[in-house]
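# Coordinate inspection notes
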Amino acid sequence: MEPLVSIILPIRNAEKFLLDCIKSLITQTYKNIEIIIVNDSSTDNSRSILRKFRKRDKRIRIIQNKKQYGVTVCLNRGVKKARGEFIAFMDARDVCHRKRLQKQVAYLLANSKTVVVGTFGVIIDKKSKKCGKIFFPKDNGSIYQTLMAGLSMQFETAMINTTLLPKDIIRFQKNTYPLFFSEMFVRLLPYGLFANLDKPLYYKRQSKTRRWQKIKQYPSLLKLFLKSKTFYNYHPSFWSIFLPLKTLIRH
């Protein structure tokens, strides 16, 4: 029997792109899925959109927050409800290639020591026009070196093989914001290999994050670097955490 894939989708006032996002999930060629949508007390039309989709597709499960808790709480609530052997993630602004889940499941089944597999991506604008490509290292050794710096894998493309993990290890720490994705990746390193599929299977909405906002993350990144060496036995090159800053300065 095909393994169940749980897709965790946190949303907050996402009506602008939510329709396209959910459509890209329910039309996946891989059918044995559950879509767990955590609505973080949206004040727009998101709730109405979710209800309409829920009537059409019983694979959709909706968790309604009574007040706004933030993305880490939403992710944790979604993971806690997940029943799948494999867990995938999604951003409400983005869309998936229709074969994303099929190809990731096939890879995990063929590579039993891989705990996380991501994909290459495409950058799209607000009108869904393609305006760039996203590439990552493919093999575990290369991914390891720049994983914490956010240059090895995009979290929303990740699919995690929970059969290789201890219970409850997939838990996002609010105090690691804005690097809670990186902290999670580092925590999973001891349990298996990491890989990226060299196919553009995820369409990422263009971000308006400013350079100074990214530079402000460096104290948190340094703190996570020290924590990772002490508690997770993660030992990348110290200079690897400054590679994103080098890119920002160059451009």
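Our structure is the block above this text.
Just so it is clear, the structure is predicted and the values come from calculations on it, not from any experiment. (Residues numbered from 1 in each chain as written. Predicted model: local features only at pLDDT ≥ 70, side-chain atom pairs only at ≥ 80, totals over all residues. Heavy atoms only, no water.)

Check the secondary structure of the protein and you find nine helices and nine strands. The buried share of the protein, reckoned over its 251 residues, is 49%. Taking the intrachain contacts of the protein between residues at least 6 apart in sequence as the baseline, contacts between residues at least 24 apart amount to 79%. For the protein, the accessible area works out to roughly 13300 Å², and carbon and sulfur atoms hold 53% of it. (Helix = DSSP H or I, 4+ residues; strand = E, 2+ residues; numbered from the N terminus. Buried < 20%, exposed > 50% of the residue type's maximum accessible area, 1.4 Å probe, protein only. Contact = heavy atoms within 4.5 Å. Areas by Shrake-Rupley, 256 points an atom, 1.4 Å probe, with all protein chains shown as cover.)

An α-helical turn contains 3.6 residues, so any two residues separated by three or four positions project in the same direction. The complete set of buried residues in helix α3 (residues 71-81) reads Thr72, Cys74, Leu75, Asn76, Gly78 and Val79. Of the surrounding elements, those touching the buried residues of α3 are β1 (5-11), β2 (33-39), β3 (60-64), β4 (86-89) and α6 (180-188).

With that out of the way, let us pick up the environment of Ile170. Structurally, the position occupied by Ile170 is in the loop between β8 (159-161) and α6. With a relative accessible area of 10%, Ile170 lands in the buried category. Sequence separation of Ile170 and Ile160 is ten residues, and the distance between their C-alpha atoms is 9.4 Å.

Here the idea is simple: oppositely charged side chains can pair when their charged atoms come close. Considering all chains together, one arrives at nine salt bridges under this definition. The residue Arg61 makes a salt bridge to Glu34 at a minimum N-O spacing of 2.8 Å. Note that Arg61 is positioned in strand β3 and Glu34 in strand β2, a separation of 27 residues in sequence. Relative accessible area serves as the criterion here: at 24%, Arg61 is assigned to the partly exposed category. (Salt bridge = Lys/Arg side-chain N within 4 Å of Asp/Glu carboxyl O.)

What follows is about unusual backbone geometry. Here Ser41, not a glycine, exhibits a phi torsion of approximately 55°, which is positive. Tracing the backbone shows Ser41 in the loop between β2 and α2 (46-56). One non-glycine residue, Ser128, lies in positive phi territory at about 70°. Its relative accessible area of 37% is what places Ser128 among the partly exposed residues.

This part is about the packing of aromatic side chains. Under the definition given, this model contains eleven aromatic pairs. Ring centres 5.2 Å apart and planes at 50° place the aromatic pair Phe155 and Phe185 in the tilted group. Taken as a pair, Phe155 in the loop between α5 (140-146) and β8 and Phe185 in helix α6 lie far apart in primary sequence, 30 residues in all. Just as Phe155 is buried, Phe185 falls in that class too. Relative to Phe181, the ring of Phe172 lies with its centre 6.3 Å away and its plane at 80°, an arrangement referred to as edge-to-face. Taking relative accessible area as the criterion, Phe172 reaches 3% and is therefore assigned buried. Counting every residue linked through ring pairs, the aromatic cluster contains Phe89, Phe155, Phe172, Phe180, Phe181, Phe185 and Phe194. The ring of Tyr69 carries the charged tip of Arg77 above its face, separated from the ring centre by 4.6 Å. Sitting over the ring of Phe17, Arg205 keeps its end group 3.9 Å from the ring centre. (Phe/Tyr/Trp six-rings, centres within 6.5 Å; stacked < 30°, edge-to-face > 60°. Lys NZ or Arg CZ within 6 Å of the ring centre and 35° of its normal.)

Mapped onto the fold, Gln28 is located in the loop between α1 (15-26) and β2. Within the structure, the side chain of Gln28 is placed 2.8 Å from the backbone oxygen of His97, a separation counted as a polar contact. In this structure, Gln28 is in contact with Cys96, His97, Arg98, Lys99, Arg100 and Leu101, ignoring residues within four places of it in sequence. (Polar contact = N/O pair within 3.5 Å; in protein donor to acceptor, adjacent residues only side chain to side chain.)

Attention shifts here to a positive patch on the surface. Residues Lys31, Arg98, Lys99, Lys103 and Lys199 make up a contiguous surface patch of positive charge. Among the residues examined, Lys99 registers a relative accessible area of 33% and is labelled partly exposed. (Patch = residues over 30% accessible without salt bridge, like charges linked within 9 Å, V, L, I, M, F, W, Y side chains within 5 Å. Lys, Arg positive; Asp, Glu negative; His and termini not counted. Charge placed at Lys NZ, Arg CZ, Asp CG, Glu CD.)

In short, the description is geometric, and any link to function would need to be established separately.
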